[in-house]
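# Structural characterization, general
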Amino acid sequence: MSKAKPFCISKQEVWEAYKRVKANKGAAGVDEQSIAGFEKRLKRNLYKIWNRMSSGSYFPPPVRTVKIPKANGGERKLGIPTVSDRIAQMVVKSRLEPEVDPLFHPDSYGYRPGKSALDAVGQARQRCWRHDWIVDLDIKGFFDNIDQNLLMRAVKKHAKEKWVVLYIERWLQAPIQEEDGQLIQRGRGTPQGGVASPLLANLFLHYAFDRWIAATYPHVRFERYADDAIVHCRTEVEAQQVRAAIAARFEECRLELHPEKTKIVYCKDDDRRRTYPNEKFDFLGYSVLQKCTGKEVAWPN
């Protein structure tokens, strides 16, 4: 490692990151360059990423935002980095993920190696057989409202290389470009759609939620997929207490539970006959419904 290249990043790492980005496909960013366009000067473009990242001179361009409709109405903003930036983010993710993923809770399922949404839904279904009540959590604008200072504290705790911290800070500070071309500076959040964002979201919620609830309510079970979470409780009173405690915890972490979408649900079946306003819930695109055998079943929407 020379003075001209203060950060030890190999060309092989950049090459492997490029292959993963290509496999994931994805749209063009603010430079309107597609993966096919990037590949027209592949060697030169990959060398440029490696040279700038290893010298500390890599600065991410703005993130292009697009609005996509939500299944339940409304719109969600997605951030689309350029192809080059997605490769750079993949380099960082590939270094950080092996450090933090083994620390994550076994009931954290989102965007993790060897885990899937169906695993989370299956576990939620089984636990609904044993627990009468759940708290269905919805975090208001989670990706847009992550506190960057708290996030960077977690990154600095686990990142072994200074350049990982440096580039994550730069990505968090990069402006977003709206569909009308307007540039907006960000002081919080991480773009939903960025390569590194799901890992950073899991790291944030590992401390904000997973570790906290495991320590505060050790008998309570949950499933979390990114910012979607189900918490299982034994009684209605416990569910109300847990919901209030989670709301207070998220407030400490600069987040807010959605007041309408967060709800307590009674897992009604043949053995649970009382009436309650909420008796089913959606989780990761599946509705959990009553069936005549007295067990709950996950069914696609």
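The present account deals with the structure reproduced in this document. (Residues numbered from 1 in each chain as written. Predicted model: local features only at pLDDT ≥ 70, side-chain atom pairs only at ≥ 80, totals over all residues. Heavy atoms only, no water.)

## Section: the packing of aromatic side chains
- Enumeration according to the criterion identifies 12 aromatic pairs in this entry.
- Plain terms: the ring middles of Tyr111 and Tyr225 are 5.5 Å apart, the flat faces sit at 50 degrees to each other, and that makes the pair tilted. Linking Tyr111 in the loop between helix 4 (83-100) and helix 5 (117-130) with Tyr225 in strand 6 (residues 221-225), this pair joins segments that are 114 residues apart in sequence.
- The exposure class of Tyr225 is buried, given its relative accessible area of 16%.
- Through successive ring pairs, a cluster of aromatic residues spans Trp15, Tyr18 and Phe38.
- Its guanidinium or amino end placed over the ring of Trp50, Lys11 lies 4.8 Å from that ring's centre, counting from NZ or CZ. (Phe/Tyr/Trp six-rings, centres within 6.5 Å; stacked < 30°, edge-to-face > 60°. Helix = DSSP H or I, 4+ residues; strand = E, 2+ residues; numbered from the N terminus. Buried < 20%, exposed > 50% of the residue type's maximum accessible area, 1.4 Å probe, protein only. Lys NZ or Arg CZ within 6 Å of the ring centre and 35° of its normal.)

## Regarding the layout of surface pockets
- By volume, the largest pocket amounts to about 1600 Å³.
- In this structure, the largest pocket is lined by 48 residues; those nearest its centre are Lys70, Arg76, Gln192, Asp227 and Asp228.
- Sorting the residues of the lining of the largest pocket by element identifies helix 1 (11-24), strand 2 (75-80), helix 4, strand 3 (133-138), helix 6 (142-145), strand 7 (228-233) and strand 9 (281-283) as the ones contributing at least two each.
- Here the lining of the largest pocket takes 5 residues from strand 2, the largest share from any one element.
- Its residues placed into classes, the lining of the largest pocket shows 21 nonpolar, 10 polar and 17 charged. (1 Å grid on protein atoms, 1.4 Å probe; cavity = no way out; pocket = protein on both sides within 12 Å on 5 of 7 lines; lining within 4 Å. Points joined across faces, edges and corners; volume = space filled by probe spheres on them. Nonpolar A, V, L, I, M, F, W, Y, C, P; charged D, E, K, R; others polar.)

## Brief notes about the sheet that holds strand 1 (residues 63-69)
- Pairing in this open sheet of 4 strands is mixed, and the strands run 2-1-4-5 from one edge to the other. Since the sheet does not close on itself, it has two edges, and those belong to strand 2 and strand 5 (183-184), each with one partner.
- Pairing geometry for strand 4 (residues 176-177) and strand 5, over 2 bridges, is antiparallel. Residue Gln177 lies in a different strand from strand 5, and its bridge partner there is Leu183. (Pairing = 2+ DSSP bridges.)

## Some details on the sheet that holds strand 8 (residues 263-266)
- In spatial order, the strands read 6-7-3-8; together these 4 strands make up an open sheet with antiparallel pairing. The open sheet has two free edges, formed respectively by strand 6 and strand 8, since each of these has just one partner strand. Neighbour-to-neighbour, the strand axes of the sheet open up by a mean angle of 20 degrees, direction not taken into account.
- Sheet topology note: the strand 3/strand 8 ladder contains 4 bridges and is antiparallel. Bridging across to strand 8, Trp133 finds its partner in Tyr266. (Axes fitted to C-alpha atoms, helices over the stretch in contact; angles between N-to-C directions.)

## Some details on a positive patch on the surface
- On the surface, a cluster of positive charge is made up of Arg41, Arg44, Lys48 and Arg52.
- Residue placement: Arg41 occurs in the loop between helix 2 (35-39) and helix 3 (42-55).
- The class of Arg41 is exposed, set by a relative accessible area of 51%. (Patch = residues over 30% accessible without salt bridge, like charges linked within 9 Å, V, L, I, M, F, W, Y side chains within 5 Å. Areas by Shrake-Rupley, 256 points an atom, 1.4 Å probe, with all protein chains shown as cover. Salt bridge = Lys/Arg side-chain N within 4 Å of Asp/Glu carboxyl O. Lys, Arg positive; Asp, Glu negative; His and termini not counted. Charge placed at Lys NZ, Arg CZ, Asp CG, Glu CD.)

## Side note on empty space enclosed by the protein
- Throughout the structure, instances matching the rule amount to 2 cavities of 30 Å³ or more.
- Considering only enclosed or pocket space, the largest cavity measures out at about 110 Å³ in volume.
- What lines the largest cavity is a set of 15 residues, among which Gln89, Trp171, Thr190, Pro191 and Ser197 lie closest to the centre.
- Those elements that place two or more of their residues in the lining of the largest cavity are helix 4, helix 8 (162-173) and helix 9 (197-216).
- The class makeup of the residues in the lining of the largest cavity is 9 nonpolar, 4 polar and 2 charged.
- Here the second largest cavity defines a volume of roughly 40 Å³.

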